[in-house]
Amino acid sequence: MENQTGQTPKKNSNVIYFLIVVVLALLATDVYLYLQKNKSDTKIVYQNDERTRLQTELDSLEAQIEQVNSGKAKMTVAMKAQTDSLKAKINVLRTELKKGKLTVAELADAQESVKQLRYFVAKYTADIEELKKQNTSLTAERDTLKTTIKTVNQKDSTLSKQNQDLGAKVKVGSAIKLATADIVAYKVKGSGKEVDTKRASPAKKIKINFTVASNDIAEKGMHDIYIRIVDPTGNLITGTDAGNFSADGQDLQYTYKTSIDFKNDGSSYTIDWLNPVAFQKGDYTVLLYADGYTMGKSGFSLK
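Think of each chain on its own: its residues are numbered from 1, step by step along the sequence as written. At least 70 in pLDDT is required for a residue's local features to be given in this predicted model, at least 80 for side-chain atom pairs to be given and counted, and no such filter applies to totals for whole chains, interfaces and linings, which use all residues. The basis for the side-chain values is all heavy atoms of the structure; hydrogens and waters are excluded.

### Description of the packing of aromatic side chains
Here is the rule we go by: Working definition: rings of Phe, Tyr and Trp (its six-membered ring) pair if their centres are within 6.5 Å, and the pair is stacked with planes under 30 degrees apart, edge-to-face with planes over 60 apart, and tilted otherwise. What counts as a helix is a DSSP run of H or I of at least four residues, what counts as a strand is a run of E of at least two, and both are numbered from the N terminus. Cation placement over rings: the criterion is NZ of Lys or CZ of Arg within 6 Å of the ring centroid and within 35° of the ring normal.
Applying the stated rule across the entire model yields nine aromatic pairs. Aromatic pair tyrosine 226 and phenylalanine 245: ring centres 4.5 Å apart, planes at 5°, arrangement stacked. Highlighted residues: tyrosine 226 in strand E4 (residues 221-230) and phenylalanine 245 in strand E5 (residues 243-247), separated in sequence by 19 residues. Sitting over the ring of tyrosine 186, lysine 207 keeps its end group 5.6 Å from the ring centre.

### Description of the pattern of salt bridges
Side-chain pairing between opposite charges can occur once the charged atoms of the two side chains come close. The cut-off we apply is this: Any Lys or Arg side-chain nitrogen located within 4 Å of an Asp or Glu carboxyl oxygen qualifies as a salt bridge. The buried label goes to any residue with under 20% of its type's maximum accessible area, the exposed label to any with over 50%, and the partly exposed label to all in between, with areas taken from a 1.4 Å probe on protein chains only.
On inspection of all chains with the given rule, the structure shows five salt bridges. Of the charged contacts, one joins arginine 142 and aspartate 143 as a salt bridge, the two residues approaching to 3.3 Å between their closest N and O atoms. Here aspartate 143 falls in the partly exposed class, since its relative accessible area comes to 35%. With a closest N to O distance of 2.7 Å, glutamate 194 and lysine 205 form a salt bridge. Here the residue glutamate 194 occupies a position in strand E2 (residues 194-197), and lysine 205 occupies one in strand E3 (residues 205-212), the gap between them amounting to 11 residues. Residue classification places glutamate 194 among the partly exposed residues on the basis of a relative accessible area of 31%.

### What about the environment of valine 188?
Mapped onto the elements of the fold, valine 188 is located in strand E1 (residues 178-188). The exposure class assigned to valine 188 is partly exposed, which follows from its relative accessible area of 40%. Valine 188 sits 16 residues away from lysine 204 along the chain, and the two C-alpha atoms are 6.8 Å apart.

### As for the sheet that holds strand E8 (residues 268-274)
As a reminder, the rule being used: Only when DSSP finds a minimum of two bridges between them are two strands counted as paired. In this description, a line fitted to the C-alpha atoms serves as the axis of each element, helices being fitted only across the stretch in contact, and the angle between N-to-C directions of two axes falls anywhere from 0 to 180 degrees.
Overall, antiparallel pairing links the four strands, which are arranged E2-E1-E3-E8 in an open sheet. Taken across any chain shown, the strands that pair with only one partner, and hence form the sheet edges, are E2 and E8. Strand-to-strand twist across the sheet, computed as the mean angle between neighbouring axes with direction ignored, equals 35°. Strand direction decides the pairing type here: E1 and E2, joined by four bridges, are antiparallel. Note that in E2 the partner of valine 188 across the bridge is glutamate 194.

Below, the structure is given as structure tokens:
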């Protein structure tokens, strides 16, 4: 009886120890599971925070690209290609982030991609700014060139006007002019002899005797001479020899046309003109033209 009583406490003690071990094992398992759960929750929170931060950075980068593109600077082909590439990369990262199942390694890759994107956007922005400076410089150069061209054109216009004025002056200066003029009326006898007269009734023709002023810039050689003879009533005498010409900027009608050989040597010239109608009493005006300008005028009177 004494032996059985002594073994019972020992068996109970073993059971207690076993239960303690089981309890401790369960506690350890709970602690491990709790720690693992906390670690998992922390990892999920970390991933969510990283996704949010990456999403914000992508929004910022895209806004920066759009802001740069909205500028007035004209992009080169290479810059346009770079812009398209950056936008495409951002769209890819957005798609990956929306999946919501990125691993830590994938998040790290995404972070690295964003860093690269930020670098390229910064460089792209700097390139655009440099392009803007170049455009500003080119615009300034263009405006300066326009001003220079305008100034040159104004000078050219002034010089052209001066040349025209000088040319006109030279043209006027090169026209031959009368030095002296004497006009005498003549009657023609039956023998054909010409006798000067002061009376209108027998007069048939006139002789215009003149000399030309010395002119070193006038062209030597033949010069057309246009003569206008105005009768005492103020009418231009015309006949079969009449025609039109231009002088002093006007279109005029002449009474008679001939030519002289100008040698700039003081030579005397005589022009005979036969009146197709009867002479009237009074004062006649005779105007001579050459080289597009008035050469001079004279006159005569008949009783």
